[in-house]
Amino acid sequence: MEHATAIVTGACGGIGCEVSRALAAAHDVVGIFHGATEAARAEWRAQCGAAGTLVQADLTDHAATTAVMQAIITARGAPSVLVNCAGITNDAMFRKMRFEQWEQVIRTNLIALFSTTQPVFSAMCEAGTGVVINIGSVNGERGQAGQCNYAAAKAGLHGFTMSLAREGARYGVRAVTVSPGYTQTPMIDAIREDVRDAIRLQIPMQRFADPSEIAATVSFLSSPGAAYITGADIPVNGGLHIG
Ligand code: CAA
């Protein structure tokens, strides 16, 4: 049987690579990357096998991104799964934050969702099946000093998920947010060590997530067992935010 297609943005990132690997068990995965090194791309190919394809796109370029998504749909038909995993941080206390930091993070983490999702969601609705999984953050649910831009984008992302779920339900298309806590990726390594240690102590489980723990949740949400889950925000955060 031909595999269904799953598209993962931010595919070569810490979480994106693990998500791609997990989905590759049951899908042909198309990974969208932007600035990934050759080593990161080689790692992705090794993880995703022969059925994996990497495509480059700058998600802040609306026309280019729409064209890339449309080309994938034309070649393969409606994807079964879209995981919006691409995201950046550019942390600063709000009083010191430059407008460019605000704009860059909101453009990449929130505005780009329009360009990646609209073509795919339309195709899914026409096909009568599919799921859009948006990667949020614990800090979109609870806020974080130094992340007014990132938390605003991630909270907005879940508003997008909830609305998409309401529009997609009648077509058999689901939308779900997965909100990871602090996850062992280069994004975490970039936090100053003393700040990072203090954050770890706030987590009831006293450790950061492994990317595979986020990928396992995404994998379940894309499986038939999750057929009745839509519009939800699934926390995977070691207890950092409960409620
Ligand atoms: N709450 C309130 N105030 C805080 C604070 C907090 N959590 N942390 C620091 N402050 C205060 C400090 O006490 C300090 O106050 P004073 O000037 O009165 O002493 C002031 O804010 C400045 O603090 P810093 O010295 O830390 O400021 P900085 O400019 O050197 O660094 C920062 C700012 C880069 C934002 C740094 O604080 C930082 O890295 N914070 C962590 C941000 C964070 O959690 N990022 C997550 C990245 S990973 C990710 O985003 C993935 C995900 O989804 C979870």
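Residues numbered from 1 in each chain as written. Predicted model: local features only at pLDDT ≥ 70, side-chain atom pairs only at ≥ 80, totals over all residues. Heavy atoms only, no water.

Describe the overall build of the chain, naming the residues involved and giving the relevant values.
When its secondary structure is counted, the chain shows 9 helices and 7 strands. Compactness check: the chain gives a C-alpha radius of gyration of 17 Å against a globular reference of 18 Å for 243 residues, within 12% of the reference. Expressed along its principal axes, the backbone C-alpha trace of the chain runs to roughly 50 × 40 × 35 Å. Here the chain holds 243 residues, and the buried ones make up 46% of them. A separation of at least 24 residues holds for 71% of the contacts in the chain among residues at least 6 apart in sequence. Carbon and sulfur atoms make up 56% of the accessible area of the chain, which amounts to about 11500 Å² in all. (Helix = DSSP H or I, 4+ residues; strand = E, 2+ residues; numbered from the N terminus. Rg over C-alpha atoms; globule rule 2.2 N^0.38 Å. Buried < 20%, exposed > 50% of the residue type's maximum accessible area, 1.4 Å probe, protein only. Contact = heavy atoms within 4.5 Å. Areas by Shrake-Rupley, 256 points an atom, 1.4 Å probe, with all protein chains shown as cover.)

Which residues make up the site of the ligand, and what values go with them?
Near the ligand you find 18 residues, and of these Asp91, Ser137, Tyr150, Tyr182 and Arg192 are the closest. Between the ligand and the protein, one listed contact pairs an oxygen atom with a side-chain N or O atom of tyrosine 150 at 2.7 Å. Burial of the ligand by the surrounding chains reaches 56%, relative to a free accessible area of 1100 Å². Put simply, the parts of the chain that give the shell around the ligand at least two residues each are helix H7 (186-189) and helix H8 (193-202). Among the residues forming the shell around the ligand, the class breakdown is 9 nonpolar, 6 polar and 3 charged. (Near = heavy atom within 4 Å. Polar contact = N/O pair within 3.5 Å; in protein donor to acceptor, adjacent residues only side chain to side chain. Nonpolar A, V, L, I, M, F, W, Y, C, P; charged D, E, K, R; others polar.)

Kindly report on the pairing of strand S6 (residues 173-180), identifying the contributing residues and their values.
Across the 8 residues that make up S6, a large majority, 8, are buried. Of the two faces of S6, the one carrying Val173, Ala175, Thr177 and Ser179 and the one carrying Arg174, Val176, Val178 and Pro180 are both buried. In this sheet, S6 lies alongside strand S5 (residues 130-135) in parallel orientation, the contact comprising 6 bridges. The residue of S6 that forms the bridge with glycine 130 is valine 173. (Pairing = 2+ DSSP bridges.)

Could you give me a rundown of unusual backbone geometry, with the residues and numbers involved?
Phi at glutamine 206 is positive, roughly 60°, even though this residue is not glycine. Since its relative accessible area comes to 44%, glutamine 206 is described here as partly exposed.

Describe the sheet that holds strand S4 (residues 81-84), naming the residues involved and giving the relevant values.
Judged by pairing direction, the sheet is parallel, and its 7 strands sit side by side in the order S3-S2-S1-S4-S5-S6-S7 without closing on themselves. Edge strands, defined here as strands with exactly one partner in the open sheet, are strand S3 (53-56) and strand S7 (233-236). Across the sheet, the mean angle separating the axes of adjacent strands is 20° when strand polarity is ignored. Relative to S3, strand S2 (residues 27-33) runs parallel, the two being bridged by 4 bridges. When the sheet's bridge partners are listed, glycine 31 is paired in S3 with leucine 54. Helix H3 (residues 62-76) rests against strand S1 (4-9), S2, S3 and S4 of the sheet, and its axis sits at about 160° to S2. (Axes fitted to C-alpha atoms, helices over the stretch in contact; angles between N-to-C directions.)

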